Amino acid sequence: MSIPAIELMTALRSGQSTSPRLTWYGPDAERVELSGRVLDNWVAKTSNLLQDELDAEPGTRLRLDLPAHWKSVILALAAWQLGMEVVFDDAAAELLATADPGPGTAEGGFDAVLAVALPALAMRWQGELPSGAVDYAAEVRSHGDVFMPHVDPEAARRAVLTAAGAVHTHGELLDGFAAVHDGAPRLLVPAGHGLESALAQALGAWKSGGSVVLVHPDVDVTEKLLADERVHGHAVPPPPR
């Protein structure tokens with residue numbers, strides 16, 4: 001059975017697949033640009049890692065203990081096309097993805113912990129990892145470029161538990177959780193608005209045929225940046241929690 005996340009990835013790797021779909025501006029002059037095809041490639045590899053190495057399946061919960069970042073977006077998309085549920089903050093989950101796998105993290109009640117190195121060029125985690133933690137950067141590249149689920153995902157399963165406690169199913173992902181955008185925007189998304197907001201904004205932009213420029217809080221959004229990226233849309237800040 002197909003679900004909106006799978007249909008979205010099909011769309012991103014199909015028409016205008018070489019056009020930018022996700023552009024990241026990070027600290028230390030980082031700029032990462034992913035076309036639809038490359039974005040789909042990263043998502044497929046990550047879904048295969050989750051499924052084949054961490055035994056994830058439809059209904060498995062993944063807690064994203066990560067800032068808004070291009071790798072966080074990849075992980076969320078990978079979880080959704082697998083039929084998993086993405087949760088935030090301290091919500092219960094079987095799997096944890098974190099940029100801070102401190103001592104005791106792997107023993108925190110999770111079946112597995114993914115350590116996510118955020119620097120763009122990081123090929124592996126720098127330093128020692130807690131016992132049982134999986135190095136995302138080191139492992140993801142060895143997985144296949146095409147994702148085939150072992151179990152068909154179901155539209156009625158939960159896709160997102162928001163920090164405010166709202167639940168959205170996979171069938172509602174693009175019509176309930178995603179932000180509403182018209183006219184295929186080249187959308188500026190401030191990472192400082194948080195990961196949950198960035199995901200909702202990105203899904204909405206892609207649903208309408210647009211693309212996303214995700215910018216770290218330490219990066220100045222100058223007129224030159226906006227012009228260079230041909231930005232013609234700005235994400236609305238999320239309401240106070």
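Presented here is a report on the structure given in the accompanying data block. (Residues numbered from 1 in each chain as written. Predicted model: local features only at pLDDT ≥ 70, side-chain atom pairs only at ≥ 80, totals over all residues. Heavy atoms only, no water.)

### Quick notes on the layout of surface pockets
Inference 1: Counted as a void, the second largest pocket has a volume near 250 Å³.
Inference 2: As for the second largest pocket, its lining consists of 14 residues, of which Ile6, Arg13, Gln81, Val146 and Phe147 are closest to the centre.
Inference 3: For the lining of the second largest pocket, the secondary-structure elements that each account for two or more residues are α1 (4–13) and α2 (36–53).
Inference 4: Top contributing element to the lining of the second largest pocket by residue count: α1, with four residues.
Inference 5: Grouping the amino acids of the lining of the second largest pocket by side-chain chemistry returns eight nonpolar, two polar and four charged. (1 Å grid on protein atoms, 1.4 Å probe; cavity = no way out; pocket = protein on both sides within 12 Å on 5 of 7 lines; lining within 4 Å. Points joined across faces, edges and corners; volume = space filled by probe spheres on them. Helix = DSSP H or I, 4+ residues; strand = E, 2+ residues; numbered from the N terminus. Nonpolar A, V, L, I, M, F, W, Y, C, P; charged D, E, K, R; others polar.)

### Observations regarding the nonpolar core
Inference 1: Grouped together as the largest cluster of nonpolar side chains are 64 residues, with contacts concentrated most on Leu64, Leu77, Trp80, Leu203, Trp206 and Leu214.
Inference 2: Per-element accounting of this core gives the leading share, ten residues, to helix α3 (residues 70–82).
Inference 3: Core analysis: the second largest hydrophobic core is formed by eight residues, Val213, Val215, Leu226 and Val231 among them. (Core = buried A, V, L, I, M, F, W, Y, C linked by side-chain atoms within 4.5 Å. Buried < 20%, exposed > 50% of the residue type's maximum accessible area, 1.4 Å probe, protein only.)

### Some points on the pattern of salt bridges
Between side chains of opposite charge, pairing is possible as soon as their charged atoms come close.
Inference 1: Scanning all chains against the criterion turns up nine salt bridges.
Inference 2: Notably, a salt bridge pairs Arg31 with Glu229, separated by 2.9 Å at the nearest N-O pair. With Arg31 in strand β2 (residues 30–35) and Glu229 in the segment after α7 (223–228), this pair connects stretches of sequence that are 198 residues apart.
Inference 3: Among the residues examined, Arg31 registers a relative accessible area of 42% and is labelled partly exposed. (Salt bridge = Lys/Arg side-chain N within 4 Å of Asp/Glu carboxyl O.)

### Overview of helix α6 (residues 195–207)
Inference 1: Taking 1.5 Å of rise per residue, the 13 residues of α6 would be expected to cover 18 Å, and the 18 Å separating its terminal C-alpha atoms lies within 8% of that figure.
Inference 2: Burial of α6 is extensive: eleven of the 13 residues sit out of reach of the surface.
Inference 3: Of the residues making up α6, those classed as buried are Leu195, Ser197, Ala198, Leu199, Ala200, Gln201, Ala202, Leu203, Gly204, Ala205 and Trp206.
Inference 4: At the exit of α6 stands Gly209, carrying a positive phi of roughly 85°. (Expected span 1.5 Å × (residues − 1).)

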